Structure formats: C-alpha cells, structure tokens
Amino acid sequence: MLSNVLNVQYGIQGSIEFKEGGAGFSFVHIKNANGEAVISLYGGQVTHLQLKDDEPILWVSPLSEFTPGKAIRGGIPICWPWFGPHSSDPLLPQHGIARISNWSVVNTCLLEGDQVRVILRCDQDRIDQLAKWEGVELELSITLGKTLRLDLCTRNRKREAIVVGGALHTYFRVEDIHQIAVQGLESTHYRDKLDQYKRKFQEGGVVFTGETDREYLDTKSDCILIDKAKSRSLKVSKEGSNTTVLWNPWQVRSEEMADFSDNGFKQMVCIEAAITANDEQIIAPGENHILSQTITLL
Ligand code: TA6
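Each chain carries its own residue numbering, running from 1 in the written order of its sequence. Only residues with pLDDT of at least 70 get local features here, since the model is predicted, and only at 80 or more are side-chain atom pairs given and counted; chain-wide, interface and lining totals rely on the full set of residues. Heavy atoms from the whole structure form the basis of all side-chain values; hydrogens and water molecules are not counted.

K.L.:
Mind showing me how you'd approach the environment of Ile-142 here?
P.N.:
Residue placement: Ile-142 occurs in strand β8 (residues 136-144). Placed 25 residues apart in sequence, Ile-142 and Arg-117 show a C-alpha to C-alpha distance of 5.6 Å. Beyond its immediate sequence surroundings of up to four residues, Ile-142 is in contact with Ile-30, Ile-39, Val-46, Val-116, Arg-117, Val-118, Leu-120, Leu-148, Arg-149 and Leu-150. Numbering of helices and strands starts at the N terminus; helices are DSSP runs of H or I of at least 4 residues and strands are runs of E of at least 2. Contact definition: two residues touch when any of their heavy atoms are within 4.5 Å.

K.L.:
Teacher, can you tell me more about helix α1 (residues 2-10) here?
P.N.:
Since the α-helix turns once every 3.6 residues, residues separated by three or four places project in the same direction. Three exposure classes are used, based on accessible area relative to the maximum for each residue type with a 1.4 Å probe and protein chains only: buried under 20%, partly exposed in between, and exposed over 50%. Residues of α1 that are buried: Ser-3, Leu-6 and Tyr-10. The arc enclosing the buried residues of α1, seen along the axis, measures out at 60°, which places them on a common side. Of the surrounding secondary structure, the elements contacted by the buried residues of α1 are β1 (16-20), β2 (26-32) and β6 (103-111). The arc in question is traced by the directions running from the helix axis to the C-beta atoms.

K.L.:
Any chance you could explain the site of the ligand here in plain terms?
P.N.:
In this text, near means that some heavy atom of the residue lies within 4 Å of the molecule or strand in question. Taken together, the neighbourhood of the ligand is formed by Arg-73, Phe-83, Gln-94, His-95, Arg-99, His-169, Lys-193, Asp-213, Val-245, Trp-247, Arg-253 and Glu-272. By the criterion applied in these results, polar contacts are pairs of N or O atoms within 3.5 Å in which, for protein atoms, one can donate a hydrogen and the other can accept it, and in which residues neighboring in sequence qualify only through two side-chain atoms. Within the side chain of His-95, a nitrogen or oxygen atom sits 3.0 Å from an oxygen atom of the ligand. Contacts to the ligand include His-169, whose side-chain N or O atom sits 2.9 Å from an oxygen atom. Computed on the free molecule, the ligand has an accessible area of 390 Å², of which 91% lies beneath the protein chains in the complex. Residues of the shell around the ligand, tallied by class, amount to 3 nonpolar, 3 polar and 6 charged. Here the Shrake-Rupley method, with its probe set to 1.4 Å, supplies the accessible areas, and only the displayed protein chains count as covering residues. Each residue gets one label: Ala, Val, Leu, Ile, Met, Phe, Trp, Tyr, Cys and Pro are nonpolar, Asp, Glu, Lys and Arg are charged, and the others, such as Gly, are polar.

K.L.:
Would you take a moment to explain the sheet that holds strand β17 (residues 223-227) for this structure?
P.N.:
Consider a sheet: its strands pair through backbone hydrogen bonds, and that pairing is either parallel or antiparallel. Any two strands with at least two DSSP bridges between them are considered paired. The strand order across the open sheet built from 8 strands is β6-β7-β8-β9-β22-β18-β17-β13, with neighbouring strands paired in antiparallel fashion. The open sheet terminates on both sides in strands that have one partner only, identified here as β6 and β13 (180-183). In this sheet, adjacent strand axes meet at a mean angle of 15° when their direction is disregarded. The pairing of strand β18 (residues 232-239) with strand β22 (residues 288-297) spans 6 bridges and is classified as antiparallel. Axis lines are fitted through C-alpha atoms, for helices just across the contact stretch, and the angle between N-to-C directions can take any value from 0 to 180 degrees.

K.L.:
Even after reading the chapter, I still don't get the pattern of salt bridges, so can you show me in this structure?
P.N.:
When the charged atoms of two side chains lie near each other, side chains of opposite charge can form a pair. By definition here, a salt bridge exists when the distance from a side-chain nitrogen of Lys or Arg to a carboxyl oxygen of Asp or Glu is within 4 Å. Scanning the entire structure with this criterion turns up 20 salt bridges. Among the ionic pairs, Glu-137 bridges to Arg-155, the shortest N-O distance being 3.6 Å. Of the two residues, Glu-137 sits in strand β8 while Arg-155 sits in strand β9 (residues 148-156), which places them 18 residues apart along the sequence. A relative accessible area of 16% means that Glu-137 is categorised as buried. The residue Glu-160 makes a salt bridge to Lys-158 at a minimum N-O spacing of 3.5 Å. Overall, the relative accessible area of 42% leaves Glu-160 in the partly exposed class. The class of Lys-158 is buried, set by a relative accessible area of 10%. Among the ionic contacts, a cluster of salt bridges with common partners joins Arg-121, Glu-137, Glu-139, Arg-155 and Arg-157.

In structure tokens, the structure reads:
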C-alpha cells in the first residue's frame, strides 16, 4: 500500500498520516492544536478543513467521483496551467491538468508555532506530455497553523518565457446560500460569464440570488465570507493574483452536473484566487510564480 510506504518516509506521529481512501486514492491527514485537513494526492486537492473545532469549512459534493481522469467535485481544486476551457484546443481538459494528475510528496515538516506543512509536486511526466509545458514544474505547499495557507508555485525551467493561468478553486461550505454575503469586492469591476463576459461594476457586498459566475478584476483584496445562518465569518486572502472568481451554479446547473448534488448549490460558494484571462502571469526562464490563498476563521 502506497500509504504504508509514505508513512514510513513522510509520516509524523500525531501530525501527519497517510491513509487510503475512496477509489484507492491516497490521502494525507494533517492536524495540529488549531485544526485538521485532508489532502488527496490525486489532484493535490484539499478535501477537508476544520479550524478551532469549528464545523468543516470546505464543501465536497456527496456525488463527487473519486476516479482517475475526473476532478474531485469540491474542496480546493488546482486549476493549472489554464483557467476554464483551453484557449485553442477544445480536446484539452477544462481548468487544465493539475487537478486530474497524480501528485507526489516532496517533503513534510513541523514548523514553529505548531504549524504542519506538506509539500507536493505534480506528476512531471504528465506536465511534460503537454505541448509547450515540458520542463515547467508545479509544486503545492500546504501549511496548517491557525490558518490554512496554500502556495502554488510554478517554476519555469525552460529557455523561453511561459504564460500561466489558473486558480485555487475553493468550495466553501455555507449553511444557506440565501443568507450569505461576500465583502471585499465593493467598487470592483467584474466580467460576468453569464452575460457574454460583459464588464460590470460591483456596488456593495455580493449576495447570491441565482447562478453567479464572475471574474472580479484588478483586485488583491481579502474577501470576507459572512455566513449568517452558521454565525460564522471566514477571511479569504491571497497573493500572486489580481482576479477573484465567485461561482455558484444554482439549481439548474447543479442538476445538469452528474457529480453535483441537486440541492448542493444551497450549501456552497466558490471564492477563488485566480490568474485568468487578463491576469495570466508571464514567467521568465528560471523564474517562479506563486499563487497563494489563506483561509482564516474569524
Ligand atoms: O470557477 C467557475 C467556473 O469556471 C465555472 O464557469 C464552472 O465551469 C466551474 O468553474 C466548475 O468547473 P468544473 O470544470 O469543475 O465543472
């Protein structure tokens, strides 16, 4: 069992443990005095997070498949090296290859302040098979302290520059979509995917009354997710990104997606640190780009 080997090499008693899960996937379970998290090595995807003994923070569809080639529906999918459909090849997977690739463990360690860190690397053979991406490396550092922080590092080992897009496509669990608000995007322009990507202006806080699919532009702001029904507020901060995506599929879209529970839309919202379209990042030879998201329970 892969988990047994990983536990010998990377397990840390009481803090980091590898276990087999659905469909034979290997998961790393991390915990400290502040909370716990679970990460699937398939997709490099965080699938569970709890902070300060509060209720779970991430949403995973009960109908999510755990099968190779299919993205896990929920948690924190890694969209890379592009966001949405590929710009020219419709045969390439939506949101890139990272979330449907195997990831290996690079390192695990305990840091000061009771922090636990796991560093994963996306399967290099999978990246090298992607035209124009051979020689580009992708690593994800996941740090659980009083917060959960993800650092997605793209390293350009090629002789020419690359242009990378993507997102940390985080599905937050909420009690009732009708009773939440997202603050931090006031007075920000956004592209509305549901209206031919028309550029619009966000006056006040964001509330959800129907399908919502928006790319907020030129914003480095923290977002505050206010969940009135759960009496909980979360801060979602980011680095390395000027675009924040908000998404809720609402009823009809949820019913159209086989791996999305029909009423699941009522209990989730995606707040994504993104580098999309106008915000894709040019990485010079030998340079890196780091896309980060930090989740804090307020
Ligand atoms: O992040 C929003 C979005 O781009 C939506 O347009 C929707 O496609 C969503 O991602 C989910 O995409 P997926 O490929 O995971 O079904």
